[in-house]
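Observations on the three-dimensional arrangement
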Amino acid sequence: MGLTVPRFLKIEDVEVNARLRPFSLDRQILIDGIRMAVAAYGGCTDNDPPSARGYEPWRATTRGLRELLPSRGYERDDSGNFSTIKHGKHGIRIVVLNTDSKTGDPRLEIFPRNRLKKGILHERAIGAPD
């Protein structure tokens, strides 16, 4: 999934986990999510509809995280017809998206973007109170 990190940047697992801990997450569980997406993408063939390479990774990763995260206080949420995984205590939602190669770059001046422009449901999920 093509993360290009400059050679001078080396981020230790302990640093990543320290940043994720307040959200009851860790590096490994997010890597597991990425593996779900890659496996689903890899399972698509030229005989699938063209949108399958976007839909299947989203579907598999959303389901997988919903199965992995309840032990960490997360729960499935489909309010507003928008599929997320939320943590009530932390007040956050996890939304699975296809993003560009800037995702995961630790430099503050780098801004990852969604691969495709998102619609009103995404805007509501980001800005709407619970």
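First, a word on what this report is: a plain description of the structure on this page.

About the cut-offs
Residues numbered from 1 in each chain as written. Predicted model: local features only at pLDDT ≥ 70, side-chain atom pairs only at ≥ 80, totals over all residues. Heavy atoms only, no water. Helix = DSSP H or I, 4+ residues; strand = E, 2+ residues; numbered from the N terminus. Polar contact = N/O pair within 3.5 Å; in protein donor to acceptor, adjacent residues only side chain to side chain. Contact = heavy atoms within 4.5 Å. Core = buried A, V, L, I, M, F, W, Y, C linked by side-chain atoms within 4.5 Å. Buried < 20%, exposed > 50% of the residue type's maximum accessible area, 1.4 Å probe, protein only. Salt bridge = Lys/Arg side-chain N within 4 Å of Asp/Glu carboxyl O. Pairing = 2+ DSSP bridges. Axes fitted to C-alpha atoms, helices over the stretch in contact; angles between N-to-C directions. Expected span 1.5 Å × (residues − 1). Phe/Tyr/Trp six-rings, centres within 6.5 Å; stacked < 30°, edge-to-face > 60°. Lys NZ or Arg CZ within 6 Å of the ring centre and 35° of its normal.

What follows covers the side chain of aspartate 26. Within the secondary structure layout, aspartate 26 lies in the loop between α1 (13-20) and α2 (27-42). In this structure the side chain of aspartate 26 is engaged in a polar contact, spanning 2.9 Å, whose partner is the backbone nitrogen of isoleucine 29. Beyond its immediate chain neighbours, meaning those up to four positions away, aspartate 26 contacts Asn17, Leu20 and Arg72.

Let us now look at the nonpolar core. Formed by Leu20, Leu25, Ile29, Leu65, Leu69, Tyr74, Ile85, Ile94 and Val96, the largest nonpolar core amounts to 9 residues. Apart from residues lying up to four places away in sequence, valine 96 is in contact with Trp58, Thr61, Thr62 and Leu65.

Moving on, we get to the pattern of salt bridges. For the coordinates displayed, the defined rule picks out 9 salt bridges. The salt bridge partner of aspartate 13 is arginine 27, with a shortest N-O separation of 3.1 Å. With a gap of 14 residues between them, aspartate 13 in helix α1 and arginine 27 in helix α2 connect regions that are remote in the sequence. Judged by relative accessible area, which is 40%, aspartate 13 ranks as partly exposed. Given a relative accessible area of 32%, arginine 27 falls into the partly exposed group.

So, about the sheet that holds strand β2 (residues 84-87). Spatial strand order, β1-β2-β3: 3 strands in an open sheet with antiparallel pairing. Both outer strands of the open sheet, β1 (75-77) and β3 (92-94), are each paired with one neighbouring strand and no more. Taking the axes of each pair of neighbouring strands and ignoring which way they run, one obtains an average angle of 40 degrees across the sheet.

A few words on the environment of methionine 36. Position of methionine 36 among the secondary structure elements: in helix α2. With sequence-adjacent residues up to four places away left out, methionine 36 is seen in contact with Ala60, Thr61, Gly64, Leu65 and Leu68.

So, about helix α3 (residues 52-68). Since one α-helical turn is 3.6 residues long, residues separated by three or four positions face the same way. Along its 17 residues, α3 runs 23 Å from first to last C-alpha, staying within 8% of the 24 Å computed at 1.5 Å per residue. Among the residues of α3, those classed as buried are Ala52, Pro57, Ala60, Thr61, Thr62, Gly64, Leu65 and Arg66. Those residues of α3 that are buried lie in contact with α2, β1, β2 and β3.

Another point: the packing of aromatic side chains. If you walk through the whole model with that rule in mind, you get 1 aromatic pair. With 5.6 Å between their ring centres and 50 degrees between their planes, tyrosine 55 and tryptophan 58 make a pair best called tilted. With tyrosine 55 and tryptophan 58 both in helix α3 and 3 residues apart, this pair spans about one turn of that helix. What makes tyrosine 55 partly exposed here is its relative accessible area of 43%. On the accessibility criterion, tryptophan 58 (29% relative accessible area) is partly exposed. The lysine or arginine in question, arginine 53, covers the ring of tyrosine 41, its NZ or CZ lying 5.9 Å from the ring centre.

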